[in-house]
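Each chain, written out:
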Amino acid sequence: MAREIAERAARLLAGKVDEYLVSAGLVSSVMVKYANGEVSVTQAWKDYSLTVYATKGGRMNVATYTAQEPSPLLAQLPAMIEKLTPSPLYAPLPEPTGVSLSFVDRKIKEAAAEGDASALTIDLQEKDVAGMISAQHSHSHYLGSNGLDLGYEITSYNGYLRVFKGDDSGQWAWVSTSLEPRMAVEALVRASDLAEMCHSLPKETAAGEHRVLLSPMIAGNLLEHVAEAANAGSVIMGFSFFQGKEPGAVVASEELSIKEVPRDSRLPGYRGFDDEGVATSDKYLIEKGSFRGLLHNSKTARLTGQKSTGNAGLILPRLFNIEIEGGDLRESELLEALGDGLYATNNWYTRFQNHVEGLFSTVTRDAFFIVKRGRPVACARRVRITGSMPELLMHIEGLSRERWQLKWWEIDTPSIVPFVLLKRAQVTSVTS
Amino acid sequence: MVSIDELQRLVEEASSNGAEYAEARYHRVEGQSLMFYNGMLVGASQPLTEGVAIRVLYKGSMGFSSTSDLTPSGLREALQRAISAARSSLRQVKRATSVGHAFLGSARYSVVERKPLLDMSLEDKISDLSERLKSVDFSREGMKVNSYTLSYGERIEHKLTVTNDGAMVESRIPRVALFYNITASAGERRANRWNQLGASGGYEAVSSLRVAEEMARDLDSLHINLVKAKSPPQGTMDVVLGPEIVGLAMHEAVGHPSEADRIMGREAAQAGLSYRRELKEGKIGSELVSVYDDPTIPGSYGFYLYDDEGVAARKRTLIDRGRLAEMLHNRETAAAYGLESNASARAIDHRSEPIVRMANTYMAPGDHSFEEIIESVREGVYIAKYMEWNIDDYRWGARYVGLEAYVIRGGRIEEPVRNVVLEINTREFFSSVDAVGKDLTFSAGTCGKGEPPQPLPVTMGGPHVLLRGVRVK
């Protein structure tokens, strides 16, 4: 079906524009949402999509539709492109070098097709739980005037659960391309343990400079911002603290290595080709603290004299999956390694004062522990971690061996993330 | 396009399948976007989403389904998927959901466009926006503008909503929005300013948004921050906040915590909870503070007359002279509180369930001029604009970092200061309000909530406000 829609669209464009890329797809999904320890709503989607990129004389246009029949939508497109002006970002479409890669879990595909959440729901063990669990099946086909003729089919299983114990809470998330209910159960247990531990401890406030242990939930959020800053589009548009950084520059402690991993079939950003048809590849953004370069599509590559890294979105580059390499610390040794300090388990609302200098703050949520001699002795609520992202990267002292596959509200790109230990970070608190 | 009759048949079929409540919404959002980089057109895009959303309440379990397959068989399949979704979770529904009585509409309305968006040619829009950009003087002594972007977005939202208990509402709301980012440097120091402007209406609204003037003012703010400003004072002092920050605070610290679904815990794992779980209807601040949310403000970015459950919209009082008042309700949360919905259910497209949202949230103006407020401050700071903010998931502790701020000394605005930080809890904020300006001003925003996320057009408003004796970092 997706290929047929793409072919109809391609036929309508051939000869009327200089170049085109067409992708057609169908996404089916089902999601169960929890609140107060019960289901609040169950949702099911079935959406067609058609995306058309077309150029004429260096003018660029992208149209997106939720439609199966492209003809009424594309009739005016060639004439409309004539009305644009040549784009400063324009680059000719590259040769398609990618391959079709797919990963399909049959149970996810069936649940998504039926809108049946029964395969997703888990025993909440009478806990006060909020969150969601979802399953999604996507099938897309791409055709292009550059010879692109590739497709993919992918399934996704992800969710997050927040467990409350009185006024205290813990939260954990997961993502996978296969239906692995143990991930949901582990998230429930971890979130519950964090809430229970926080609830059992006295409450104190925390402020000042401290050693800080970041859980994978918070590390995943902060390091996704770092990966996004390595997108050439962010640099060009003025949203990156990597502006002016050359490959080889030391931008982090040598403990840190961040990769962009579209070829990891465990994560739903698994792709063999980017939106321009170029082969994807796993690559370092930061390797042992050293900056390895920006992510490019053909347009940002031409503008900056680089080569595409196989990260095309149609106008600006994109991320598929992120992997943070693990370190030497075992999870069981993390608090001991922290010694005296703070253990932050989750966050939200990361905002930059200033993207180009990387000044930011983020608000912690859920359990936040004050740790003495490797033991949690108190729990603090809703403090902020503030400072400079470039400085924070320099303060990474260690990472855990164990890593988690995560995606949730605050981690948009599927990511594999360890715990991260910071030798110092600034924490601020609003008075109660 | 799907007709009212087809939607009517869907809700009737849902009822005959055992649904206590059924709602079908045809939702089409047609857009045109243009993006400029350093004054040059990067490209255009036309996003179009069109489909039907169906909600059914089946034995107390809420099921939602959406489809872009608008054939009769596609719509029937979507209905069955909504029922199937509701049934599949029955085992884990402990307390039956209900949908309460409300003042439902049988109406059709549209926002009048003096310059209809679809009638104006693409060349004319490109030319108009290019001219506006050309009129901006980017030069400021000692400051270099490294890059700037401007994005234009128009969205025409057409909806038909039908419920099995009598709502039948059709609406057409066009909106325009402009987003820009300016990155500048002075020596080693760098900063950026991002801003959004928006309104409902036709292309005439673009003129009213005065983007060139806004960009010029923001260039002045960047220049002050990068070139002229010194380190800010710290400690307890009076703080005057500009309308932009006051509006944001009304959205973040009053509007969001007044959303009944959040108070009930339905968004607990996403957008979080609310201090109104404990504070109920108690005193939250000075009697000078009254806060409203009003979807019916003509020309506003958050405008609507009926919500996405077909309920007639009205102005809501969130804080009445310092006391917490109404919550924002949809029919589900209103039923849980034994109230009638006050029409806060909104969905951004056919893929989205209607959830409790704000529209245009603002602090009511007072009787002080800006000059009177400044003159009343012996020692303090004036924060005119912010560049970073956030708030905890209980909506209690907020942080605002000034982009453009000044020391106030002896009732006069003196030297500019850089990156002044106000970190304050909601009660401190409202309790310390000692003067409220006459100059109510609105700014547009995109509010985030929901899973999947539903970025939604809203406005935030406020006048200049004086906070007495708060801590500045």
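Conventions we followed
- Residues numbered from 1 in each chain as written.
- Chains lettered and ligands numbered in written order.
- Predicted model: local features only at pLDDT ≥ 70, side-chain atom pairs only at ≥ 80, totals over all residues.
- Helix = DSSP H or I, 4+ residues; strand = E, 2+ residues; numbered from the N terminus.
- Rg over C-alpha atoms; globule rule 2.2 N^0.38 Å.
- Buried ≥ 20, exposed ≤ 12 C-beta atoms within 10 Å, placed from the backbone.
- Contact = placed C-beta atoms within 7 Å.
- Domains from an automatic or database assignment.
- Nonpolar A, V, L, I, M, F, W, Y, C, P; charged D, E, K, R; others polar.
- Pairing = 2+ DSSP bridges.
- Axes fitted to C-alpha atoms, helices over the stretch in contact; angles between N-to-C directions.
- pLDDT = per-residue confidence, 0-100.
- Expected span 1.5 Å × (residues − 1).
- Arc of directions from axis to C-beta.

J.: Explain the overall build of chain A residue by residue, including any values.
T.: The helix and strand inventory of chain A stands at 10 helices and 19 strands. Scaling as 2.2 N^0.38, a compact globule of 432 residues should have a C-alpha radius of gyration of about 22 Å, and chain A matches this with 23 Å. Here the C-alpha coordinates of chain A stretch approximately 70 × 50 × 35 Å along the principal axes. Within chain A, the proportion of its 432 residues that are buried is 63%. In chain A, the proportion of contacts linking residues at least 24 apart, taken out of those at least 6 apart, comes to 73%.

J.: So what's going on with the overall build of chain B? Residues and values would help.
T.: A tally of regular secondary structure across chain B gives 11 helices and 22 strands. In terms of overall size, chain B behaves like a compact globule, its C-alpha atoms giving a radius of gyration of 24 Å where 473 residues would be expected to give roughly 23 Å. In terms of overall dimensions, chain B has a C-alpha envelope of 70 × 55 × 35 Å along the principal axes. For chain B, the residues scored as buried account for 59% of the 473 residues in total. Counting only contacts in chain B whose residues sit at least 6 apart along the sequence, the fraction spanning at least 24 positions is 75%.

J.: Please provide a residue-by-residue account of the domain arrangement of chain A, values included.
T.: Residues and elements named next belong to chain A. The domain boundaries assigned to chain A delineate domain 1 (2-197) and domain 2 (201-428). For domain 1 and domain 2, the distance between their C-alpha centres works out to 23 Å. Listed per partner, the contact involves 39 residues of domain 1 and 35 residues of domain 2. No other element matches the 9 residues that strand β6 (residues 168-176) contributes to the side of domain 1 that touches domain 2. Its residues assigned to classes, the side of domain 1 that touches domain 2 shows 25 nonpolar, 12 polar and 2 charged.

J.: Account for the interface of chain B and chain A, with residues named and values stated.
T.: Contact with chain B, which involves 69 residues of that partner, is made by 66 residues of chain A. The leading source of residues in the side of chain B that touches chain A is strand β2 (residues 40-58) of chain B, at 12 residues. Its residues assigned to classes, the side of chain B that touches chain A comprises 25 nonpolar, 28 polar and 16 charged. Relative to strand β3 (residues 61-67) of chain B, strand β2 (residues 38-56) of chain A is paired through 5 bridges, and the arrangement is parallel. Paired with A:Q43 across the strands is B:F64, a residue of β3(B).

J.: Which residues make up the pairing of strand β15 (residues 368-372) of chain A, and what values do they have?
T.: Residue and element names in this part refer to chain A. The element β15 is extensively covered by neighbouring structure, given that 4 of its 5 residues are classed as buried. Bridging between β15 and strand β16 (residues 375-379) involves 4 bridges; their strand directions are antiparallel. Pairing of I370 across the sheet is with A378, part of β16. Connecting the antiparallel pair β15 and β16 is a turn made up of 2 residues, with R373 showing a positive phi of about 45°.

J.: Give a detailed account of the environment of A:A75, specifying residues and quantitative values.
T.: Residue and element names in this part refer to chain A. In this structure, A75 sits in the loop between α2 (71-74) and α3 (77-82). Taking the C-beta count within 10 Å as the criterion, A75 has 11 such neighbours and is therefore assigned exposed. Spatially, the C-alpha atom of A75 lies 57 Å from that of S429, the residues being 354 residues apart in sequence.

J.: Explain the domain arrangement of chain B to me, using residue names and the numbers behind them.
T.: All names here are of chain B. Splitting chain B by domain gives domain 1 (4-228) and domain 2 (235-472). Between the C-alpha centres of domain 1 and domain 2 there is a distance of 21 Å. Every contact between the two is made by 45 residues of domain 1 and, on the other side, 33 residues of domain 2. Listing elements by their share of the side of domain 1 that touches domain 2, those giving two or more residues are β1 (21-37), β2, β3, β4 (106-110), β5 (144-163), β6 (168-186), β7 (189-200) and α5 (211-228). In terms of residue class, the side of domain 1 that touches domain 2 is built from 20 nonpolar, 18 polar and 7 charged.

J.: Any chance you could break down the sheet that holds strand β20 (residues 441-447) of chain B for me, citing the residues and the numbers?
T.: Residues and elements named next belong to chain B. Read across the open sheet, the 6 strands follow the order β11-β10-β9-β14-β21-β20; overall the sheet is mixed. Each end of this open sheet is capped by a strand with a single partner; those strands are β11 (323-324) and β20. As paired elements, strand β9 (residues 291-293) and strand β14 (residues 360-363) share 3 bridges and run antiparallel to each other. Note that in β14 the partner of D293 across the bridge is T361. Relative to the sheet, helix α6 (residues 243-255) contacts β9, β10 (316-320), β14, β20 and β21 (456-462), its axis offset from that of β21 by approximately 120°.

J.: Help me get a handle on the confidence of the model for chain B, residues and values and all.
T.: Atomic detail in the predicted coordinates should be set aside for any region of low pLDDT. In this model, chain B carries an average pLDDT of 97, and 100% of its residues clear a pLDDT of 70 or more. This complex was scored by the predictor with a pTM of 0.96 and an ipTM of 0.94.

J.: Hey, could you go over helix α3 (residues 122-134) of chain B for me, with residue numbers and the actual values?
T.: Residue and element names in this part refer to chain B. The end-to-end C-alpha distance of α3 is 18 Å, a good match for the 18 Å that 13 residues give at a rise of 1.5 Å each. Among the residues of α3, those classed as buried are K125, L129 and R132. Viewed along the axis of α3, the buried residues span an arc of 55°, placing them on a single side of the element. Exposed residues lying more than 90 degrees from the buried face of α3 are S127, E131 and K134. Those residues of α3 hidden inside the fold are in contact with β1, β5 and α5.

J.: Which residues make up unusual backbone geometry, and what values go with them?
T.: Residue and element names in this part refer to chain B. Between E451 and the following residue, P452, the backbone shows a cis peptide bond with an omega angle of 0°. Examined against the element boundaries, P452 turns out to sit in the loop between β20 and β21. For A343, which is not glycine, the phi dihedral falls at a positive 65°. Inspection of the secondary structure puts A343 in the loop between α9 (331-336) and β12 (345-346).

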